[in-house]
Structure formats: C-alpha cells, structure tokens
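# Structural description and commentary
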Amino acid sequence: MRPPRRILIGAASYADARAALRLARRMVAQSHAVVGGLLVEEEILSGLPRLGRQRVVTVSGALREVPTAGQVAQMIESDARAFQAALSELAMSAGPLERRRGELTVSVWDAAQGWDVLVFGQRDTHRPHGRIVLIAPPAGTVSDATAFAEDLAQATGTTTIALGLDPDTGERAHETYATETALLARLERLNCAAVVLDRATGPFRTVEQLREILAAARCPVVLVGHATQAGIAPTE
C-alpha cells in the first residue's frame with residue numbers, strides 16, 4: 001500500500017481556509033491522507049493602528065472601528081477553534097492546529113518539511129465551478145503536478161487548463177507565454193477553483209514569485225512535490 005498523502009493547509013484566517021478545506025475534503029475522499037493545519041497571524045493584525053475614531057473597511061464594504069488588541073486576540077482565538085474543528089471533521093488523523101506569526105507564504109514554506117502537499121488558503125472570489133489551473137512544469141522534468149491537477153478536477157467536477165513558459169512539446173498541451181508577467185496576467189483573467197504547481201520543478205522558484213501567484217489566483221494555491229535545492233527559495 002502507498003503511504004498516506006500528507007496535506008498541510010495554511011491560512012491567515014478561518015475564512016481564508018474554507019475554500020482550501022473544501023478542496024482538501026475532495027483530496028481525502030480520493031485516497032487516505034493525513035491532514036494538518038497552520039494558522040498564521042500576519043503582522044497586519046498585530047500592528048493595527050489604535051488612533052481615535054479611526055475606521056477600517058470590512059469585506060462587505062461597511063465601515064467599522066479599528067478593533068482593540070483584546071478584540072483582535074478574541075478573533076484569532078475564535079478562528080483557531082473553528083479551523084481546528086474543521087480539520088477534525090475533515091480527517092480522523094488530523095493533528096492539532098499549528099500557529100505561527102509572520103507572513104503566510106514564508107510561514108507555510110518554513111513548515112513544509114515532511115508534507116507532500118501544501119495548500120495556501122485564500123478566499124475564493126471567483127464564480128462557482130471554476131477550473132483547476134495547472135502551472136505546467138518545465139519540459140523534460142519529472143512531476144506529478146499534471147496528474148494531481150487532473151485528479152483534483154475530476155474530484156471537484158470541473159476541468160483543467162494548463163499555463164506554461166515552455167513551448168508545447170507535444171507531450172502535453174498547454175497555453176505558452178513568453179514571460180512570467182504574461183502568464184500571471186492570463187491567470188488573473190481566469191475563473192479558477194484552484195491553482196496547482198510543483199514546488200520542486202517550478203517554473204516559479206522564489207517566495208516573491210509565489211506571492212505573485214497567490215495575488216493573481218485569488219483562490220487556493222496547491223503546491224505538490226518535495227522541495228529540492230532547485231525548489232522555491234524560502235528566504236527570497
């Protein structure tokens with residue numbers, strides 16, 4: 001028997017984790033999996049200004065007073081409880097929720113050792129029934145990202161679309177772009193349910209590039225494979 005796939009879901013809030021948890025549910029349904037969670041308290045929460053009569057704009061567009069430090073702490077604890085409950089419901093083998101402070105991309109990458117799949121949780125702002133977008137690995141590399149994306153699309157009842165930087169070799173059909181900027185611009189225009197790429201083969205190899213993928217995707221981003229020296233650099 002193949003060992004269970006180890007899936008780590010990282011998010012800055014439970015609201016951001018929901019779409020990733022739905023994807024993970026599909027992954028768990030396909031095969032036996034061990035699921036873990038990482039809640040990252042980003043610096044923007046810790047550093048909210050405390051000036052009198054200051055307001056912030058909520059996701060719904062409403063104006064609210066800046067929460068106090070105590071209110072922020074309560075929100076984070078509530079998020080942690082909801083995230084842990086969702087993990088426990090998702091898989092009997094789910095471990096305790098890990099918590100860190102910092103920036104999401106770096107924190108998840110630093111926690112990646114020992115995990116087969118990393119899922120970056122983001123609130124899905126797309127229309128329902130979006131496609132699974134594969135960032136195609138470079139030609140000639142060995143990667144299971146293509147098969148993973150196709151399996152995920154089948155499990156979620158949608159289709160895949162592949163975007164790449166290499167010319168199409170005939171081994172796999174994908175849209176080809178001359179630059180990363182052009183590929184990211186295309187990604188921004190797509191209705192995505194998730195974006196899948198290989199964290200070892202690339203073609204995106206730095207944390208800054210990963211941030212750009214997350215910003216363009218506006219949905220969960222899934223990294224498969226194990227990092228190597230040629231993989232995404234954790235400190236760049």
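Residues numbered from 1 in each chain as written. Predicted model: local features only at pLDDT ≥ 70, side-chain atom pairs only at ≥ 80, totals over all residues. Heavy atoms only, no water.

### Considerations on the overall build of the chain
Looking only at helices and strands, the chain has seven helices and eleven strands in total. Every one of the 236 residues in the chain was classed for burial, and the buried ones make up 47%. Relative to all contacts within the chain whose residues are 6 or more apart in sequence, the contacts with residues 24 or more apart total 77%. With the model as given, the accessible surface of the chain reaches about 12,100 Å², and the carbon-plus-sulfur share is 52%. (Helix = DSSP H or I, 4+ residues; strand = E, 2+ residues; numbered from the N terminus. Buried < 20%, exposed > 50% of the residue type's maximum accessible area, 1.4 Å probe, protein only. Contact = heavy atoms within 4.5 Å. Areas by Shrake-Rupley, 256 points an atom, 1.4 Å probe, with all protein chains shown as cover.)

### With respect to the pairing of strand 2 (residues 33-41)
Of all nine residues making up strand 2, nine are buried, and the element is well covered by its neighbours. Side chains A33, V35, G37, L39 and E41 of strand 2 all project onto a buried face; the interleaved residues V34, G36, L38 and V40 project onto the opposite face, where all are buried too. By the bridge criterion, seven bridges tie strand 1 (residues 5-11) to strand 2 in an arrangement that is parallel. Directly across from R5, in strand 2, lies its bridge partner A33. (Pairing = 2+ DSSP bridges.)

### Details of the sheet that holds strand 9 (residues 175-176)
With respect to topology, nine strands assemble into an open sheet ordered 5-2-1-6-11-10-7-8-9, the strand pairing being mixed. The open sheet terminates on both sides in strands that have one partner only, identified here as strand 5 (98-101) and strand 9. With four bridges joining them, strand 2 and strand 5 adopt parallel strand pairing. Paired with L38 across the strands is E98, a residue of strand 5.

### A closer look at the nonpolar core
Core analysis: the biggest nonpolar cluster contains 36 residues, and I9, L21, F83, V196 and V222 have the highest contact counts within it. Residue contributions to this core peak at seven residues, all from helix 1 (residues 14-30). Counting 32 residues, the second largest nonpolar core, distinct from the first, contains W115, L187, I213 and L214. (Core = buried A, V, L, I, M, F, W, Y, C linked by side-chain atoms within 4.5 Å.)

### Quick look at the pattern of salt bridges
Following the criterion strictly, the structure yields seven salt bridges and no others. For R123, the salt bridge identified is with D16, shortest N-O distance 2.8 Å. Of this pair, R123 sits in the loop between strand 6 (117-120) and strand 7 (131-135) while D16 sits in helix 1, and the two are 107 residues apart along the sequence. Taking the shortest distance from any N to any O, the salt bridge between R99 and E77 comes out at 2.8 Å. One end of the pair, R99, is in strand 5; the other, E77, is in helix 3 (residues 69-90), with 22 residues separating them in the sequence. For E77, a relative accessible area of 35% gives the class partly exposed. Bridged by salt links that share partners, the residues E103, E208 and R211 form one connected network. (Salt bridge = Lys/Arg side-chain N within 4 Å of Asp/Glu carboxyl O.)

### Some points on helix 5 (residues 145-156)
With twelve residues, helix 5 extends 16 Å between its outermost C-alpha atoms, agreeing within 8% with the 16 Å of an ideal straight helix rising 1.5 Å per residue. Residues A145, F148, A149, L152 and A153 constitute the buried set of helix 5. The arc that holds the buried residues of helix 5, viewed along the axis, is 135°, so those residues lie on one side. G157, located one to two residues past helix 5, shows a positive phi value of around 70°. (Expected span 1.5 Å × (residues − 1). Arc of directions from axis to C-beta.)

### Observations concerning helix 6 (residues 180-189)
If you check which residues of helix 6 are buried, you get L183, L184, R186 and L187. Buried residues in helix 6, looked at end-on, bunch into an arc of 160°, giving them a common side. Set apart from the buried face of helix 6 by more than 90 degrees, the exposed residues are T181 and R189. The inward-facing, buried residues of helix 6 abut strand 7, strand 8 (160-164), strand 9, strand 10 (192-198) and helix 7 (207-217).

### A short note on the pairing of strand 8
Looking down a regular strand, the side chains alternate between one sheet face and the other. Of all five residues making up strand 8, four are buried, and the element is well covered by its neighbours. Viewed along the sheet, the connection from strand 7 through helix 5 into strand 8 turns out right-handed. (Right-handed = clockwise from strand over helix to strand, strands pointing away.)

### Details of the packing of aromatic side chains
Counted according to the given criterion, the structure contains zero aromatic pairs. In this arrangement the basic side chain of R6 is found over the ring face of W115, its NZ or CZ atom lying 4.2 Å from the centre. (Phe/Tyr/Trp six-rings, centres within 6.5 Å; stacked < 30°, edge-to-face > 60°. Lys NZ or Arg CZ within 6 Å of the ring centre and 35° of its normal.)

### Considerations on the packing of helix 6 against helix 7
With their axes 8 Å apart at the nearest point, helix 6 and helix 7 run at an angle of 30° to one another. In terms of orientation, helix 6 lies roughly parallel with respect to helix 7. Two packed elements cross with a definite hand, and for helix 6 against helix 7 that hand is right-handed. Between helix 6, through E180, L184, L187 and E188, and helix 7, the contact on the second element is made entirely by Q209, E212, I213, A216 and A217. A per-class count over the contact of helix 6 with helix 7 returns five nonpolar, one polar and three charged. (Axes fitted to C-alpha atoms, helices over the stretch in contact; angles between N-to-C directions. Parallel < 35°, antiparallel > 145°, perpendicular 65-115°, else oblique. Left-handed = near helix turned anticlockwise from the far one by under 90°. Nonpolar A, V, L, I, M, F, W, Y, C, P; charged D, E, K, R; others polar.)

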